[in-house]
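Reading the structure
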2 protein chains.
Amino acid sequence: MDIHDIAKISGYSSSTVSRVINNRNYVSEKARQDIQRVIKEFDYVPNEVARDLSKGKTHNIGVVLPHTSHPYYTQLVEGIMSAAFPAGYRIVMLPSKFDADIEMNYLNRLRRKAYDAIIFTSHGIPIKEFLKYQQYGSIVICHNPGDYNIAAAYAEREESYKAAFQWIQAQKYQKIAILLSRPYEVSSTAQKTFQAYRQIFNSNPDKRLLNTKITTFEDGYNAASQFHKENYKPDIYFTNGDDIAAGVRQFHLDNNLPIPKLIGQENQLSGKILNIPTINHNFHKVGKLAFELAINNEIKQLPVESEFIFRNQEKL
Amino acid sequence: MDIHDIAKISGYSSSTVSRVINNRNYVSEKARQDIQRVIKEFDYVPNEVARDLSKGKTHNIGVVLPHTSHPYYTQLVEGIMSAAFPAGYRIVMLPSKFDADIEMNYLNRLRRKAYDAIIFTSHGIPIKEFLKYQQYGSIVICHNPGDYNIAAAYAEREESYKAAFQWIQAQKYQKIAILLSRPYEVSSTAQKTFQAYRQIFNSNPDKRLLNTKITTFEDGYNAASQFHKENYKPDIYFTNGDDIAAGVRQFHLDNNLPIPKLIGQENQLSGKILNIPTINHNFHKVGKLAFELAINNEIKQLPVESEFIFRNQEKL
DNA sequence: GTGAAAGCGCTAACAT
DNA sequence: ATGTTAGCGCTTTCAC
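Now for a description of the structure that goes with this document. Per-chain numbering applies: the sequence of each chain, read as written, is numbered from 1 onward. Throughout, the order in which chains and ligands are written sets their labels, letters from A for the former and numbers from 1 for the latter. Two thresholds apply to this predicted model, a pLDDT of at least 70 for residue-level local features and 80 or more for giving and counting side-chain atom pairs, whereas whole-chain, interface and lining totals are computed over all residues. The basis for every side-chain value is the complete set of non-hydrogen atoms in the structure, without hydrogens or water.

Take the environment of N280(B) next. Where helices and strands are cited, they refer to DSSP runs of H or I of at least four residues and of E of at least two residues respectively, numbered from the N terminus. Looking at where N280(B) falls in the secondary structure, it is placed in strand β10 (residues 278-280). We define a polar contact as two N or O atoms separated by no more than 3.5 Å, with the added condition that, inside protein, one atom must be a possible hydrogen donor and the other a possible acceptor, whereas residues neighbouring each other in sequence contribute only through side-chain atom pairs. Looking at N280(B), its side chain comes within polar contact range of the main-chain nitrogen of N282(B), at 3.0 Å.

Dropping the structure here:
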């Protein structure tokens, strides 16, 4: 049952039926009634894929994510969806596992018109590569693209990181452990962290107190355990998540050790419960902006300020 | 630049080009080389939408969710994606806000071939309605469908709920507060909870200690505050999430009140940190099974057992 | 106001 | 092994 069947049965042409379906142009009241009656009677609905093909537009936005289940991504996706839904767009989830080949595959699917635009919440592909693909649809990344002319919405971390390190400095903490999810070489977040550190302390972070493979509570726990085994005893942990900081705390608690100072990120519930100072990156807003860039096909950079949220860990 | 252009330029027909692209049937080595050279030279890629239309298949699975950002949904989505990715399917997120009209809209998009199958992680539409739509593509729900012949993967909560209430009974707690997300009338989860309660205590839960509008930490906090204001003082809270239980705890902490016993659900990090007993519903597995039902077009029911995880809250 | 017909770009049955 | 052709189902231009 397609539009031609309806045309035949109602005695009009398929173009008139199309007009009725999309209420476009002028259609006589009689034709409209006749056609709508037939549509009702045969319970006809138009095929979305045929429409997409004909229009050259899918109303789908691809969203590339290395993994779900982590606050950065869930907040971002939620932000994107909150803007996409009212605009009549849908989100297609594209899991990447940080694998550049998989990412390239998705980028090629943009060329193939599988979606109208693509948002990279994270990317292993060099930014330069993206430039060639911009002609096929809008591409938005969620990191600072530097001088590259590519659409981006991202958390501006500098100031909040500096604020956090300034606070650490003011408290005169000496041994500063840093827990991150990915190594300096591949992670602009790690680079920003180091940069802020250097600006405040005029030195590099202590490599012995650095771990760049942390993504979960358990990872935080184990990292703390490792430092303790090596007898490093940090005064404070600057971590990549409140949940991570909670893992560090848990290790000390379980072993009856004094709990070091902690700084989290992402403004998660665990930080609120345990009164851990944190950094809120406002990813929800970043997601919203990313979506808007995607559909408006604007090549702009939109930084979103992060904020250091101080909490008095003593109160715990 | 479409398949016909490639055909013309290479001197073969579009069907031979199609064969090369999809490496199907027999194509002479020479033709393959000739055609592939032209494809390379003109940097041609096939259009995904045209292919979908022609094949009548999109490789997209719609996933309806009332909201993201809650553990039930994120775990479920992750489970679905973990199975969908290796199978070459993509997940289209369909936010519903618990609104049956929006859900119906998605169901109709299944008819319109916008996706090959649809998974309802939650549904306001009566199950009966789904039956009519099964002819248009496979429909999977994530709740027990009872006697209806519809595909379903879901958490089997009975035993774990009973185990939790049995434990409460064994401890001789009297005043049992219950916090849920949605009211008895519309929520099968609430119904299961009550049913388990009745089986253990031979009575209905105390309505004065019931709140069915709880979804966040803050809601838990406020519910506790409300009960306290009304001077009800529950011995124990049976809640719909570890985060919720943490909210209840926080209220008592902030007001220097003795912390009541707590039972959470979802096996969240907050429960782990605070040593709150919980119920793990294994939603990741439910999601995986839901996806498999969706693509295999099997109309089966697959319950997944939940487990009561006991923790000694005293240890906190 | 309505219809004919040419797309949109690919697939697959059938013919050779 | 390769080509012809009729789909897949809708939109849109142009003519009347």
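Residue-level contacts link 45 residues of chain A with 45 residues of chain B. Summed over both partners, the interface of chain A with chain B comes to about 4,000 Å²; 64% of that surface belongs to carbon and sulfur atoms. For the chain A face of the interface with chain B, the top three residues by lost area are F85(A), R112(A) and I273(A), together amounting to 16%. The rule for a salt bridge is simple: a side-chain nitrogen of Lys or Arg has to be within 4 Å of a carboxyl oxygen of Asp or Glu. Linking chain A with chain B are eight salt bridges, by the criterion used here. The interface formed by chain A and chain B contains 11 residue pairs in polar contact (both at pLDDT 80 or more). Residue assignment for the side of chain A that touches chain B shows that the elements contributing at least two residues are α4 (48-55), α5 (71-84), β2 (90-95), α6 (100-111), α10 (217-229), α11 (242-254) and α12 (269-274) of chain A. Think of it as three bins: nonpolar holds Ala, Val, Leu, Ile, Met, Phe, Trp, Tyr, Cys and Pro, charged holds Asp, Glu, Lys and Arg, and polar takes everything else, Gly as well. For the side of chain A that touches chain B, the residue count by class is 22 nonpolar, eight polar and 15 charged. Here β2(A) pairs with strand β2 (residues 90-95) of chain B via three bridges, running antiparallel. Contacts between residues were defined by any pair of non-hydrogen atoms, one from each residue, lying within 4.5 Å. What gets called buried area is simply the loss in accessible area from a 1.4 Å probe that two parts show on being joined, summed for both. Two strands form a pair only when DSSP identifies at least two bridges running between them.

On to the relation of the copies chain A and chain B, then. In screw terms, the move from chain A to chain B is a rotation of 180° and a rise of 0.0 Å along the axis, fitting with an RMSD of 0.1 Å. A rotation of that kind, with that shift, is consistent with a two-fold axis. No C-alpha of chain A lies nearer the rotation axis than that of V92(A), which sits 2.3 Å from it. A high fraction, 100%, of the interface residues of chain A reappear at the interface in chain B, so the copies pair face to face through one surface. Copy-to-copy superposition: least squares on the C-alpha atoms, limited to residues that have pLDDT of at least 70 in both copies.

Here the focus is the packing of helix α1 (residues 3-10) of chain B against helix α3 (residues 29-42) of chain B. All names here are of chain B. The angle between two axes is taken between their N-to-C directions and runs from 0 to 180 degrees, where each axis is a line fitted to C-alpha atoms and a helix contributes only its stretch in contact. Across the interface, α1 lies against α3 with an axial gap of 9 Å and an inter-helix angle of 120°. Between α1 and α3, the angle falls in the class oblique. Every pair of crossing elements has a handedness; the one defined by α1 and α3 is right-handed. Contact residues: α1 offers I6, I9 and S10, while α3 offers I35, V38, I39 and F42. A breakdown of the residues in the contact of α1 with α3 according to their chemical character gives six nonpolar, one polar and no charged. Angle categories: roughly parallel below 35 degrees, roughly antiparallel above 145, roughly perpendicular from 65 to 115, and oblique for all the rest. Take the far helix as your reference; a near helix turned counterclockwise from it by less than a right angle gives a left-handed crossing, and one turned clockwise gives a right-handed crossing.

Near is defined per residue: the residue qualifies when any heavy atom it owns lies within 4 Å of the molecule or strand. R19(A), S28(A), I3(B), Y44(B) and S54(B) are the nearest of the 26 residues found near DNA strand C. The protein-proximal atoms of DNA strand C, defined as those within 4 Å of the protein, are 66% sugar or phosphate. The contact in question runs from a phosphate oxygen of DNA strand C to an N or O atom on the side chain of N22(B), over 3.3 Å. Measuring from a phosphate oxygen of DNA strand C, one finds a side-chain N or O atom of Y44(B) at 2.5 Å.

We now examine the protein's contact with DNA strand D. Neighbouring DNA strand D are 27 residues, the closest being I3(A), Y44(A), S54(A), R19(B) and S28(B). At a separation of 3.3 Å, a phosphate oxygen of DNA strand D approaches a polar side-chain atom of N22(A). One nitrogen or oxygen atom from the side chain of R51(A) is found 2.8 Å from a phosphate oxygen belonging to DNA strand D. Taken together, the elements giving at least two residues each to the surface near DNA strand D come down to α1 (3-10), α2 (14-21) and α4 of chain A together with α2 (14-21) and α4 (48-55) of chain B.

Residues and elements named next belong to chain A. Exposure is judged per residue with a 1.4 Å probe applied to protein chains only, and the accessible area is read against the type maximum: over 50% gives exposed, under 20% gives buried, and values in between give partly exposed. For strand β5 (residues 151-156), the tally of buried residues reaches six of six residues, placing the bulk of the element in the interior. Of the pairings in the sheet, the one linking strand β4 (residues 138-141) to β5 comprises two bridges and is parallel in character. Within β5, the position partnered with I141 by the bridge is A152. As judged from the five bridges shared by β5 and strand β11 (residues 301-305), these two strands associate in the parallel manner.

Turning our attention to the nonpolar core. Most often, soluble globular proteins have nonpolar side chains that are buried together. I91(A), M93(A), I119(A), I91(B), M93(B) and I119(B) are the most contacted members of the largest nonpolar core, which totals 58 residues. Residues in contact with M93(A), not counting those within four places in the same chain, are V63(A), L65(A), T68(A), V77(A), V77(B), M81(B), R90(B), I91(B) and M93(B). By convention a nonpolar core is built from buried Ala, Val, Leu, Ile, Met, Phe, Trp, Tyr and Cys residues, the set being connected through side-chain atoms within 4.5 Å. In terms of nonpolar packing, the next biggest core, distinct from the first, is built from 40 residues, I102(A), L107(A), A152(A) and A114(B) among them.

Bringing the sheet that holds strand β3 (residues 117-120) of chain B into the picture now. The 12 strands are arranged β11(A)-β5(A)-β4(A)-β3(A)-β1(A)-β2(A)-β2(B)-β1(B)-β3(B)-β4(B)-β5(B)-β11(B) in an open sheet whose pairing can be described as mixed. Both outer strands of the open sheet, β11 of chain A together with β11 (301-305) of chain B, are each paired with one neighbouring strand and no more. In this sheet, neighbouring strand axes are inclined to one another by 20° on average, regardless of whether the strands run parallel or antiparallel. Strand contacts of helix α13 (residues 283-296) of chain A: β1 (60-65), β3 (117-120), β4, β5 and β11 of chain A, with the helix running at about 170° to β5(A), the strand carrying the most contacts.

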